[in-house]
Amino acid sequence: MKERIVVAKFGGTSVADAGQVRKISDIVRSDPARRFIVVSAPGKRFSDDIKVTDLLLDLYEKAKAGEPFAAELRQIKMRFREIINGLGISFPLDEEFEILEQSLRTEPMRDYTASRGEYLTAKIVAKYLGFTFVDPAWCVCFDQDGHLNGPMTSRTMCASLLPLNRAVIAGFYGSDMSGVIHTFERGGSDITGSLAACAVGADLYENWTDVSGLYAADPRIVENPETVSYMSYRELRTLSYMGASVLHSDAVLSASELEIPINIRNTDRPEDAGTMIVRHLPSGVIKNPVTGVSGRKGMSVIQIEKVMVSDGSGFSALMLDILKERALPFEYCLTGIDSITLVIRKDLLDDCKEDLFEEIRETLHPDFIGLRENQSLIAVTGEKATESSDANVRVLEKLTSKGIEISTINQGAGKLNLLIGVPEERYEDAIRAIYEFRQSL
Ligand code: ASP
């Protein structure tokens with residue numbers, strides 16, 4: 001039988017200081033299947049603290065502007081010195097910082113500088129665990145335009161990692177064919193973890209962070225929301241797109257393609273099972289029909305009316321072409337018999353509102369264009385809700401019973417998959433009402 005392989009990624013708070021790295025070591029040692037470890041750079045130790053990646057970016061800006069940067073460099077070195085001393089290991093920190101300083105003096109490079117947090121953390125953690133250090137510059141392949149080369153990365157990572165028994169891989173970056181370092185977006189170590197899990201054909205991708213999984217609602221709005229035990233990839237994508245942030249969305253995409261389950265775990269409470277993200281719920285799992293609710297403020301709703309929009313004359317297609325030409329993304333578009341409703345982020349729309357409306361008038365000759373601003377959009381998901389479930393209707397009833405005006409409703413096909421527009425000033429009330437409804441089921 002194939003040996004179980006787990007890829008475990010530890011986020012910034014899990015490597016913030018020596019005490020946290022010790023916890024990682026206990027977690028890793030408690031399951032021999034945890035063979036491949038991916039780490040972020042040290043994050044915040046307390047709420048006012050600064051993440052090492054932010055310190056590095058600041059350092060780069062100083063060096064690029066030709067300003068003195070010795071104090072910034074010293075501050076970052078101190079963070080690593082404390083970790084090394086706290087772990088009681090020997091590590092050539094002076095040599096590493098000489099190399100970084102040299103690069104800043106000669107040719108400061110943003111991505112290279114930003115990546116040093118993960119690079120040093122992975123080297124230190126590897127030394128502490130007695131694992132092999134893997135520099136993703138060897139195996140996470142970018143094209144020269146800075147985009148990930150997925151197929152090449154998958155082949156190279158598989159060839160680099162599988163022969164190793166145990167390894168620590170730095171998250172967040174890779175390099176192109178000429179060796180130039182490129183980073184992912186912020187939070188990109190999640191992507192490295194997911195790429196590693198796919199490359200080695202892992203049975204599980206663990207994502208260790210500072211919460212015991214994904215909450216059913218935003219804890220800043222709902223007091224002590226429940227943690228969701230199981231969730232589908234699709235639900236996670238919807239909830240994170242709408243604002244619930246725990247995992248980078250690209251990381252979910254690659255793991256879901258190979259159906260590798262993702263387990264969100266808490267480094268400070270390893271005894272908690274966390275949230276399991278899977279394609280299909282295992283049979284026998286009892287789950288609330290409403291998985292979760294999340295949303296975003298700052299939306300504008302445009303209503304364009306014209307008799308018989310849907311008569312096949314291509315009105316909707318022309319409308320979408322106008323948006324495409326302007327590279328203006330929309331959150332969703334609903335076409336009815338005599339109207340099209342578009343929900344667009346207000347900040348994006350504000351940049352081009354007058355021009356856009358003018359173009360719509362000239363090209364499409366609508367009967368009416370209406371605009372509602374200060375709206376929010378709320379997503380409610382529930383894969384377990386059956387086709388015949390009335391959960392969607394009851395969610396809407398709950399909102400109206402609280403006097404919350406609903407400006408738009410988009411009911412996606414299958415299961416519970418609702419996008420609801422409500423005025424911004426009732427956003428928090430709406431989230432609380434839907435969560436309350438969830439808890440009553
Ligand atoms: N250290 C990087 C950041 O702060 C990447 C990561 O933590 O995933 O965004």
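Residues numbered from 1 in each chain as written. Predicted model: local features only at pLDDT ≥ 70, side-chain atom pairs only at ≥ 80, totals over all residues. Heavy atoms only, no water.

### What to know about helix α2 (residues 52-64)
Here is step 1: Given a rise of 1.5 Å per residue, 13 residues ought to cover 18 Å, and the 18 Å separating the end C-alpha atoms of α2 matches this to within 8%.
Here is step 2: If you check which residues of α2 are buried, you get V52, T53, L55, L56, L57, L59, Y60 and A63.
Here is step 3: Along its buried surface, α2 packs onto α3 (70-87), α4 (93-106) and α5 (110-129).
Here is step 4: Once α2 ends, the next one or two residues include G66, with phi positive near 75°. (Helix = DSSP H or I, 4+ residues; strand = E, 2+ residues; numbered from the N terminus. Expected span 1.5 Å × (residues − 1). Buried < 20%, exposed > 50% of the residue type's maximum accessible area, 1.4 Å probe, protein only. Contact = heavy atoms within 4.5 Å.)

### A look at a nonpolar patch on the surface
Here is step 1: A surface patch of nonpolar side chains, about 300 Å² in accessible area, is lined by V307, M308 and I337.
Here is step 2: Position of M308 relative to the elements: it lies in the loop between β11 (292-305) and α10 (315-325).
Here is step 3: For M308, a relative accessible area of 40% gives the class partly exposed. (Patch = residues over 30% accessible without salt bridge, like charges linked within 9 Å, V, L, I, M, F, W, Y side chains within 5 Å. Areas by Shrake-Rupley, 256 points an atom, 1.4 Å probe, with all protein chains shown as cover. Salt bridge = Lys/Arg side-chain N within 4 Å of Asp/Glu carboxyl O.)

### Considering the side chain of R79
Here is step 1: Residue placement: R79 occurs in helix α3.
Here is step 2: In contact with R79, not counting residues within four places along its chain, are A16, P42, G43, R45, D49, I50 and V52.

### Structural notes on the layout of surface pockets
Here is step 1: Its volume calculated, the largest pocket comes out at about 1200 Å³.
Here is step 2: What lines the largest pocket is a set of 46 residues, and nearest its centre among them are K51, T209, S245, V246 and L247.
Here is step 3: Elements supplying a minimum of two residues to the lining of the largest pocket: α2, α7 (189-199), β7 (204-209), α8 (233-241) and β11.
Here is step 4: Top contributing element to the lining of the largest pocket by residue count: β11, with four residues.
Here is step 5: Among the residues forming the lining of the largest pocket, the class breakdown is 18 nonpolar, 19 polar and nine charged.
Here is step 6: Quantified by volume, the second largest pocket comes out at close to 290 Å³.
Here is step 7: Lining the second largest pocket are 13 residues, with L148, L195, D250, S254 and E257 sitting closest to its centre.
Here is step 8: Those elements that place two or more of their residues in the lining of the second largest pocket are α6 (150-161), α7 and α9 (249-257). (1 Å grid on protein atoms, 1.4 Å probe; cavity = no way out; pocket = protein on both sides within 12 Å on 5 of 7 lines; lining within 4 Å. Points joined across faces, edges and corners; volume = space filled by probe spheres on them. Nonpolar A, V, L, I, M, F, W, Y, C, P; charged D, E, K, R; others polar.)

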